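Breakdown of the fold
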Amino acid sequence: SLGELGLEPMGDAAVIARGGEGAALRAMEAHLRRRDWIASFEKPKTSPTEMLAGGPFAAGPGRSTTVLSPYLTFGCLSSRLLYERVAAV
């Protein structure tokens, strides 16, 4: 544990995005509601440094990326499911 290592827990303020399938699905659903943004998404116009804009799961205009990459990388979100859901939009 952190206490055994002599470290203090940082609390939720240090968490950029929660892990797990549930969090991944909530984040995906939040972005899927942005139909106009999905339809006009262009990769060169994104900025990965805007990761914290509006909070970890914010889907508003302040963030230019979905921040779904960690969920895809660690297997919390299926790339096939994401593709199918985006294609349905």
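Our structure's up above, just so we're on the same page.
Now for a quick tour of the structure.

Calculation criteria
- Residues numbered from 1 in each chain as written.
- Predicted model: local features only at pLDDT ≥ 70, side-chain atom pairs only at ≥ 80, totals over all residues.
- Heavy atoms only, no water.
- Helix = DSSP H or I, 4+ residues; strand = E, 2+ residues; numbered from the N terminus.
- Buried < 20%, exposed > 50% of the residue type's maximum accessible area, 1.4 Å probe, protein only.
- Contact = heavy atoms within 4.5 Å.
- Areas by Shrake-Rupley, 256 points an atom, 1.4 Å probe, with all protein chains shown as cover.
- Axes fitted to C-alpha atoms, helices over the stretch in contact; angles between N-to-C directions.
- Parallel < 35°, antiparallel > 145°, perpendicular 65-115°, else oblique.
- Left-handed = near helix turned anticlockwise from the far one by under 90°.
- Nonpolar A, V, L, I, M, F, W, Y, C, P; charged D, E, K, R; others polar.
- Core = buried A, V, L, I, M, F, W, Y, C linked by side-chain atoms within 4.5 Å.
- Patch = residues over 30% accessible without salt bridge, like charges linked within 9 Å, V, L, I, M, F, W, Y side chains within 5 Å.
- Salt bridge = Lys/Arg side-chain N within 4 Å of Asp/Glu carboxyl O.

What the chain contains, in helices and strands, is four helices and zero strands. Helices (α) and strands (β) of the chain occur, in sequence order from the N terminus, as α-α-α-α. Within the span of the chain, comprising 89 residues, buried residues form 22% of the whole. The long-range share in the chain, meaning contacts at least 24 apart out of those at least 6 apart in sequence, stands at 62%. Carbon together with sulfur atoms contributes 58% to the accessible area of the chain, which is approximately 6300 Å² in total.

Topologically, Leu 77 is positioned in the loop between helix H3 (69-73) and helix H4 (79-88). We classify Leu 77 as buried; its relative accessible area is 3%. Once the C-alpha coordinates of Leu 77 and Gly 22 are considered, the two residues, 55 residues apart in sequence, prove to be 9.0 Å apart. In contact with Leu 77, other than residues within four places in its own chain, are Ala 24, Leu 25, Met 28, Leu 68, Tyr 71, Leu 72 and Leu 82.

What follows concerns the packing of helix H1 (residues 21-32) against H4. H4 packs onto H1 with a crossing angle of 20° between their chain directions and a minimal axis gap of 11 Å. As judged from the angle between their axes, H1 and H4 are roughly parallel. Between H1 and H4 lies a crossing whose hand is right-handed. Residue-level inspection shows Leu 25, Met 28, Glu 29 and Leu 32 of H1 in contact with H4, the latter providing Leu 81, Leu 82, Arg 85 and Val 86. Within the contact of H1 with H4, the residues separate by chemical class into six nonpolar, no polar and two charged.

Further remarks concern the nonpolar core. Core analysis: the largest hydrophobic core is formed by eleven residues, namely Ala 23, Ala 24, Ala 27, Met 28, Leu 32, Ile 38, Leu 68, Tyr 71, Cys 76, Leu 77 and Leu 82. For this core, the element with the most residues is H1, which contributes five residues.

The next point concerns a nonpolar patch on the surface. Residues Leu 2, Leu 5 and Leu 7 make up a contiguous nonpolar surface patch of roughly 310 Å² in combined accessible area. Mapped onto the elements, Leu 7 comes out in the segment before H1.

This brings us to the environment of Leu 32. Following the sequence through the fold, Leu 32 ends up in helix H1. Leaving out residues up to four positions away in the same chain, Leu 32 has contacts with Ile 38, Arg 85, Val 86 and Val 89.

To continue, consider the pattern of salt bridges. A full pass over the atoms with the stated rule returns one salt bridge. In this structure, Arg 85 and Glu 29 form a salt bridge, with 2.4 Å as the shortest nitrogen-oxygen distance. One end of the pair, Arg 85, is in helix H4; the other, Glu 29, is in helix H1, and 56 residues separate them in sequence.

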